[in-house]
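The lines below spell out each chain.
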Amino acid sequence: MSDNFEMVIDRGRLRRKVTFWRVIAVVLAILVLLTMISPAGPVPTPYVARITISGIIMENTARDENIRSLAKDDRAKALIVHINSPGGGSTASEQLYHAIRKVAEEKPVVITMGSLAASGGYITALAGDHIVARETTITGSIGVIMQYSHFGELMDKIGIGSEQVKSGKLKGDPDGLHPMGEEARAVFQSMIDDSFDWFTGLVADRRQIDLEKVKKLSDGRVYTGRQALSNGLIDSLGGQEEAMGWLVVEKGISDDLPVIDVDKSRKELLMEEFFNSIMGKMPFNEVLSLDGLISVWQPDNY
C-alpha cells in the first residue's frame, strides 16, 4: 500500500516538473514571436539612458548615431556612459567624443569608469559633464603612439629583396621592409605631435586645468582613480550609485527613473530579462558566473 502511495506522489512530482517546463517553453515561444513582430523603438516612459563602451574603440557609425539620437529623445532625461576600454583609434575616439557631446548639449551626461579607461577611453570620458571612477580604475595614458615593425634585416639574411616604384620618396613609408628614414620620421613625428596637442588641449579645456600642468601629467603614464582625482582628471570616486547621486543632486533628475541600457535593442533587453529571470532560479548560478579578476579569500588547504 505504501509503495503505491509513493508511486502516486512521484508521478505527481513528475507531472509538475513537466508542466513547469511546458509553461516555460510556451512563454519563451511567445516572447520570441513578440520580439519578431515588435520592432525596437524608444522607451515609452521617462528614463535615464545608459550605454557601455568596452574593448578597443573602433569606428562604429551605428553606435555613434544611436548615441546622437538620444539628444532628440525627450523621454531620456540623462545619459550615463560606462567605460571599460584601453582606448583605440584616435579618430574613432574623437568621433565617439563628439557623439556624446551632442547629447550633453541637450541633457546631463555622467561618466562611470570600470577597470580601465585609458588613452582613447579617457578621451571618451572627457565628453561627460562629470566623471566618476573607481579607486583602482586605470586611467590617464594621455598621449598618442604609432608603432610598426620592419623585417628588412631578416630578409637580407635569407636572400630576399624588395623593390619599389613610387611617386614620391615618402609614399608608402613606413613599409615594414626598411628602417624609417629621418625625413619620414620627422613627418610622422609632426603628426603625433599635432594629435598630442589636440589631446592635451582637450584635457585642459574639459577639465579646466592649466595646459602646462596637463603636459606634465601627459607623459603617457597611467593613474589609479585616486591619483586621477588628486590631479583633477576626474571628479569623484564611486560607480553608478554615485553617478545617479550627482544627477539627482546637481541636475534635478528624479531618483525614481529607471536606468535603461540603450546600446541594446528592446528585443535584446526583453530576451535578456527573460533568461536572467530563469537563470536566476537555477542552483549554483552565482557560483558559476564568476569571471575576470576576483578578490577572494582562499585557505591554504584548498
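These remarks concern the structure in this document. (Residues numbered from 1 in each chain as written. Predicted model: local features only at pLDDT ≥ 70, side-chain atom pairs only at ≥ 80, totals over all residues. Heavy atoms only, no water.)

**So, the pairing of strand E4 (residues 130-133)**
Moving on, step 1. Going residue by residue along E4, you find His-130 and Val-132 tucked away on one face and Ile-131 and Ala-133 tucked away on the opposite face as well.
Moving on, step 2. Here strand E3 (residues 109-118) pairs with E4 via 3 bridges, running parallel. Bridge pairing in E4 links Ile-111 to Ile-131.
Moving on, step 3. Taking the sense of rotation as the criterion, the β-α-β connection linking E3, helix H4 (residues 120-125) and E4 turns out right-handed.
Moving on, step 4. Here E4 runs beside strand E7 (residues 236-237); their pairing, made up of 2 bridges, is parallel. The residue of E7 that forms the bridge with Ala-133 is Leu-237. (Buried < 20%, exposed > 50% of the residue type's maximum accessible area, 1.4 Å probe, protein only. Helix = DSSP H or I, 4+ residues; strand = E, 2+ residues; numbered from the N terminus. Pairing = 2+ DSSP bridges. Right-handed = clockwise from strand over helix to strand, strands pointing away.)

**Focus: helix H9 (residues 240-251)**
Moving on, step 1. Over its 12 residues, H9 runs 15 Å from end to end, which matches the ideal 16 Å to within 8%, given 1.5 Å per residue.
Moving on, step 2. Turning to H9, its buried residues number three or more, namely Ala-243, Met-244, Trp-246 and Leu-247. Projected down its long axis, H9 carries its buried residues within an arc of 155 degrees, all on one side. Of the exposed residues in H9, those oriented more than 90 degrees away from the buried face are Glu-241 and Val-249. (Expected span 1.5 Å × (residues − 1). Arc of directions from axis to C-beta.)

**Some points on unusual backbone geometry**
Moving on, step 1. In the Ramachandran plot, Ser-119 falls in the positive-phi region, its phi being about 50 degrees despite a non-glycine side chain.
Moving on, step 2. Relative to the helices and strands, Ser-119 resides in the loop between E3 and H4.
Moving on, step 3. At Ser-141, a residue that is not glycine, the phi angle is positive and equals roughly 50 degrees.

**A look at the pairing of strand E1 (residues 47-57)**
Moving on, step 1. Across 10 bridges, E1 lies against strand E2 (residues 76-88) in parallel orientation. Across the sheet, Val-48 pairs through a bridge with Ala-78, a residue of E2.
Moving on, step 2. On the question of chirality, the crossover connecting E1 to the parallel E2 by way of helix H2 (residues 61-69) is right-handed.
Moving on, step 3. Examined bridge by bridge, E1 and strand E8 (residues 259-261) share 3 bridges and lie parallel to one another. Counterpart to Arg-50 in the pairing with E8 is Asp-261.

**Points about the nonpolar core**
Moving on, step 1. If you look at the biggest cluster of nonpolar residues, it comprises 43 residues, and the most contacted ones within it are Val-81, Tyr-122 and Leu-233.
Moving on, step 2. Mapped by element, the contributors of at least two residues to this core are E1, E2, helix H3 (90-104), E3, H4, E4, helix H6 (182-207) and helix H7 (211-217).
Moving on, step 3. With 7 residues, the top contributor of residues to this core is H3.
Moving on, step 4. Aside from chain neighbours lying at most four places away, what touches Leu-233 is Tyr-122, Ile-131, Ile-142, Val-203, Arg-207, Ile-209, Leu-217, Tyr-223 and Ala-228.
Moving on, step 5. Grouped together as the second largest cluster of nonpolar side chains are 11 residues, Val-48, Ile-80, Val-110 and Ala-243 included. (Core = buried A, V, L, I, M, F, W, Y, C linked by side-chain atoms within 4.5 Å. Contact = heavy atoms within 4.5 Å.)

**A word on the side chain of Lys-107**
Moving on, step 1. Assignment of secondary structure puts Lys-107 in the loop between H3 and E3.
Moving on, step 2. Among buried charged residues, Lys-107 stands out as having no salt bridge; its nearest opposite-charge side chain is Asp-74, 5.5 Å away.
Moving on, step 3. From its side chain, Lys-107 meets the backbone oxygen of Ala-76 in a polar contact 2.8 Å long. (Lys, Arg positive; Asp, Glu negative; His and termini not counted. Salt bridge = Lys/Arg side-chain N within 4 Å of Asp/Glu carboxyl O. Polar contact = N/O pair within 3.5 Å; in protein donor to acceptor, adjacent residues only side chain to side chain.)

**A closer look at the pattern of salt bridges**
Moving on, step 1. Within this structure, the stated rule accounts for 7 salt bridges.
Moving on, step 2. For the salt bridge of Asp-261 with Arg-50, the shortest nitrogen-to-oxygen distance reads 2.8 Å. Here Arg-50 lies in strand E1 and Asp-261 lies in strand E8, a separation of 211 residues in the sequence.
Moving on, step 3. A relative accessible area of 18% places Asp-261 in the buried class.
Moving on, step 4. The class of Arg-50 is buried, set by a relative accessible area of 19%.
Moving on, step 5. Measuring nitrogen to oxygen at the nearest pair gives 3.5 Å for the salt bridge that ties Arg-101 to Asp-129. With Arg-101 in helix H3 and Asp-129 in the loop between H4 and E4, the pair connects residues that are 28 residues apart, well separated along the chain.
Moving on, step 6. Judged by its relative accessible area of 32%, Asp-129 falls in the partly exposed class.

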